[in-house]
Amino acid sequence: MAGTVEQKLAAEGITLAEPRSPIANYVPFVRSGNLLFVSGQVCMNADGKLIAKGKLGAGVTVEQGYAAAKGCAVNLLTQVKAALGDLDKVNRVVRLGGFVNSAPDFLDGPKVLNGASDLMVAAFGDKGRHARTTVGVSSLPADAAVEVEAVFEVA
């Protein structure tokens, strides 16, 4: 039976797929004490297709970027479940780091990353509120529109 957090996600229409394997020389997550560091997750859906491809401010809208960031958050939670076996073992979402594939004059990266932040709060309530960094970048793997990494405090 799914835990409380997965039930909240299901109520949002979200189910967790199998986690993706890294595409280079790194691991998907590292646990150090009560902290779980999850490597950056791009905005792929369960079928392995990018939710949004290209640059924000040059063909990709803020709304599409928001959906992409939300997809990154789902992928982060997939890795957390693989690491812990149960999302209810998350005591706190500590930090999200977001990378937005941006045109040089795109200034709304924080609005894009709200897609990931809003999902964490929906899933974990007040424990989902976190520190965050949003950085506009010139490119991301596979021309993904968004990539998000995270740190969780875990039981």
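Everything here concerns the structure above.
Residues numbered from 1 in each chain as written. Predicted model: local features only at pLDDT ≥ 70, side-chain atom pairs only at ≥ 80, totals over all residues. Heavy atoms only, no water.

Student: Whenever I open this one, the layout of surface pockets confuses me. Can you help?
Tutor: Gaps between atoms show up when a probe of the same size as a water molecule is rolled over them. Considering only enclosed or pocket space, the largest pocket measures out at about 310 Å³ in volume. Around the largest pocket, the lining is made up of 16 residues, and of these S21, I23, Y26, G40 and V42 lie nearest the centre. Those elements that place two or more of their residues in the lining of the largest pocket are β2 (35–42) and α2 (62–84). At three residues, the largest contribution of residues to the lining of the largest pocket is made by β2. Taken together, the residues of the lining of the largest pocket sort by class into nine nonpolar, five polar and two charged. Approximately 230 Å³ is the volume found for the second largest pocket. Looking at the second largest pocket, it is lined by 17 residues, and the ones nearest its centre are M44, N45, A46, V74 and N75. Ranked by residues supplied to the lining of the second largest pocket, first place goes to α2 with five residues. For the lining of the second largest pocket, the residue count by class is eight nonpolar, seven polar and two charged. (1 Å grid on protein atoms, 1.4 Å probe; cavity = no way out; pocket = protein on both sides within 12 Å on 5 of 7 lines; lining within 4 Å. Points joined across faces, edges and corners; volume = space filled by probe spheres on them. Helix = DSSP H or I, 4+ residues; strand = E, 2+ residues; numbered from the N terminus. Nonpolar A, V, L, I, M, F, W, Y, C, P; charged D, E, K, R; others polar.)

Student: Please explain the sheet that holds strand β7 (residues 146–154) as it appears in this structure.
Tutor: Pairing between the strands of a sheet is mediated by backbone hydrogen bonds and can be parallel or antiparallel. Across the sheet, five strands lie side by side as β1-β2-β7-β5-β6; this open sheet has mixed pairing. Of all the strands in the sheet, the pair left with one neighbour each is β1 (29–32) and β6 (131–137). Across this sheet, the average inter-strand angle for adjacent strands is 15 degrees, counted without regard to direction. Across seven bridges, the pairing between strand β5 (residues 90–101) and β6 is parallel. Across the sheet, the residue bridging to R95 is A131, located in β6. Sheet strands touched by α2: β1, β2, β5 and β7. Its angle to β2, the strand with the most contacts, is close to 140 degrees. (Pairing = 2+ DSSP bridges. Axes fitted to C-alpha atoms, helices over the stretch in contact; angles between N-to-C directions. Contact = heavy atoms within 4.5 Å.)

Student: Help me understand the pattern of salt bridges, please; the structure alone is not making it clear to me.
Tutor: Note that side chains of opposite charge can pair when their charged atoms are close. The tally for this structure, following the rule as stated, stands at four salt bridges. Residues E149 and R95 are paired through a salt bridge, measuring 3.4 Å at the closest nitrogen-oxygen approach. With E149 in strand β7 and R95 in strand β5, this pair connects stretches of sequence that are 54 residues apart. Assessed through its relative accessible area of 29%, R95 is described here as partly exposed. (Salt bridge = Lys/Arg side-chain N within 4 Å of Asp/Glu carboxyl O. Buried < 20%, exposed > 50% of the residue type's maximum accessible area, 1.4 Å probe, protein only.)

Student: Looking at this structure, how should I read the side chain of Q41?
Tutor: On the secondary structure map, Q41 appears in strand β2. Classification of Q41 by relative accessible area gives buried; the value is 10%. Here S39 takes part through its backbone oxygen, which lies 3.1 Å from a polar atom of the side chain of Q41. (Polar contact = N/O pair within 3.5 Å; in protein donor to acceptor, adjacent residues only side chain to side chain.)

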